[in-house]
Amino acid sequence: MKKFLLIITFLACLLSRQTLFAQQRSNPDTAKIPASATFQQEAKTTYPKVVGYVSFILPIVTVNKDETIYNFNGTTSIGFPVGVNVLYSDKFGFSYEFTPTIKSGQGVSKTSNILFDPGTMFRFQHGFTIITRLAFETSGRYGFTPVFNKVYARTKDINYFVAMSLPARFGNSAPASIGLNIQFGFTFN
């Protein structure tokens, strides 16, 4: 439980508003630009705009009526989401994502699941986005995943982000579950 509280505290600090202005703008092509800064190119953006991204995601904990499962406790899972975001405006977009997951434990590692999770993107100021995703897994599970995404550094070509997601899953003769994941990645502008 202490690990869980420590992770929640860490995520809250990452997503807090006061970290938005921790860096000063010095050069438009540097990762040290605060999320609130805008480039001239962004003011001229034409929509729709298509951007791709790559990332990795770590499930922290999954809870169902029978048990609580922590990652890194006997087995380890890591996902590698890749996707395309179609941005229709500076406020709205649609995301298509595929996530293969590798599970390792007891001397064996394998691809355990592939997730397709499309969703709508609600974009806000300061690089904050809420994504409402549906979820369809090759394991037979389905559900939805709210994602809270924050761009923490921008360059001319790449935006770096961190996200926290709460996957809710059902089906395949397993109890309903909810989890907590953390994701790090970057989008290609």
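Because the structure is predicted, anything quoted here is derived from the model rather than measured. (Residues numbered from 1 in each chain as written. Predicted model: local features only at pLDDT ≥ 70, side-chain atom pairs only at ≥ 80, totals over all residues. Heavy atoms only, no water.)

Looking now at the pairing of strand 1 (residues 49-64). Looking at chain direction, strand 1 and strand 4 (residues 82-87) are connected through six bridges and run antiparallel. Paired with Val-51 across the strands is Asn-85, a residue of strand 4. Of the pairings in the sheet, the one linking strand 1 to strand 12 (residues 177-188) comprises 12 bridges and is antiparallel in character. Residue pairing for strand 12: Tyr-53 is matched across the bridge by Thr-187. Note that strand 1 and strand 2 (residues 68-70) share three bridges and pair antiparallel. For Val-63, the partnering residue across the bridge sits in strand 2 and is Thr-68. (Pairing = 2+ DSSP bridges. Helix = DSSP H or I, 4+ residues; strand = E, 2+ residues; numbered from the N terminus.)

Another aspect to go through is unusual backbone geometry. Phi is mostly negative for residues that are not glycine, and the peptide bonds are mostly trans. The omega torsion across Tyr-47 and Pro-48 is 5°, close enough to zero to call that bond cis. Here Pro-48 is to be found in the loop between helix 2 (40-43) and strand 1. One non-glycine residue, Gln-106, lies in positive phi territory at about 55°. On the secondary structure map, Gln-106 appears in the loop between strand 5 (92-105) and strand 6 (108-116).

Attention now moves to the pattern of salt bridges. On inspection of all chains with the given rule, the structure shows three salt bridges. Across the pair Glu-97 and Arg-133 runs a salt bridge, and its minimum N-O distance is 3.4 Å. Linking Glu-97 in strand 5 with Arg-133 in strand 8 (residues 128-137), this pair joins segments that are 36 residues apart in sequence. When its relative accessible area of 4% is taken as the criterion, Glu-97 is described as buried. Each of Glu-97, Asp-117 and Arg-133 takes part in salt bridges that share partners, so that together they form one network. (Salt bridge = Lys/Arg side-chain N within 4 Å of Asp/Glu carboxyl O. Buried < 20%, exposed > 50% of the residue type's maximum accessible area, 1.4 Å probe, protein only.)

Secondary-structure assignment places Asn-113 in strand 6. With a relative accessible area of 11%, Asn-113 lands in the buried category. A distance of 3.1 Å separates polar atoms of two side chains, one belonging to Asn-113 and the other to Thr-138. Dropping the residues within four chain positions of it, Asn-113 is found in contact with Thr-99, Pro-100, Thr-101, Glu-137, Thr-138 and Ser-139. (Polar contact = N/O pair within 3.5 Å; in protein donor to acceptor, adjacent residues only side chain to side chain. Contact = heavy atoms within 4.5 Å.)

One finds Val-51, Tyr-53, Leu-87, Met-121, Ile-131, Val-147, Val-151, Phe-161 and Ala-163 forming the largest nonpolar core, which totals nine residues. Counting residues in each nonpolar core, the second largest holds seven residues, with Leu-58, Val-162, Met-164 and Ile-182 among its members. (Core = buried A, V, L, I, M, F, W, Y, C linked by side-chain atoms within 4.5 Å.)

What follows covers the side chain of Arg-141. With respect to the helices and strands, Arg-141 occurs in the loop between strand 8 and strand 9 (142-154). With no salt bridge to any partner, buried Arg-141 finds its closest opposite charge in Glu-137, at an N-O distance of 5.4 Å. Among the polar contacts made by the side chain of Arg-141, one reaches the main-chain carbonyl oxygen of Arg-169 at a distance of 3.3 Å. Reaching out from Arg-141, the side chain makes a polar contact with the backbone oxygen of Pro-175 at a distance of 3.0 Å. (Lys, Arg positive; Asp, Glu negative; His and termini not counted.)

Glancing now at the confidence of the model for the protein chain. Scored by pLDDT, the protein chain comes out at a mean of 86, with 77% of its residues at no less than 70. Segment residues 17-27 is flagged for pLDDT under 50; beyond a separation of four residues in sequence, or across chains, it makes 22 contacts in the model. (pLDDT = per-residue confidence, 0-100.)

Another aspect to go through is the pairing of strand 12. Note that strand 10 (residues 158-165) and strand 12 share eight bridges and pair antiparallel. Bridge pairing in strand 12 places Val-162 opposite Phe-184. Both strand 11 (residues 168-170) and strand 12 contribute to a ladder of two bridges, which runs antiparallel. Its bridge partner lying in strand 12, Arg-169 is registered against Ser-177. Linking strand 11 back to strand 12 in an antiparallel pair, the connection comprises six residues, with Gly-171 at a positive phi of about 85°.

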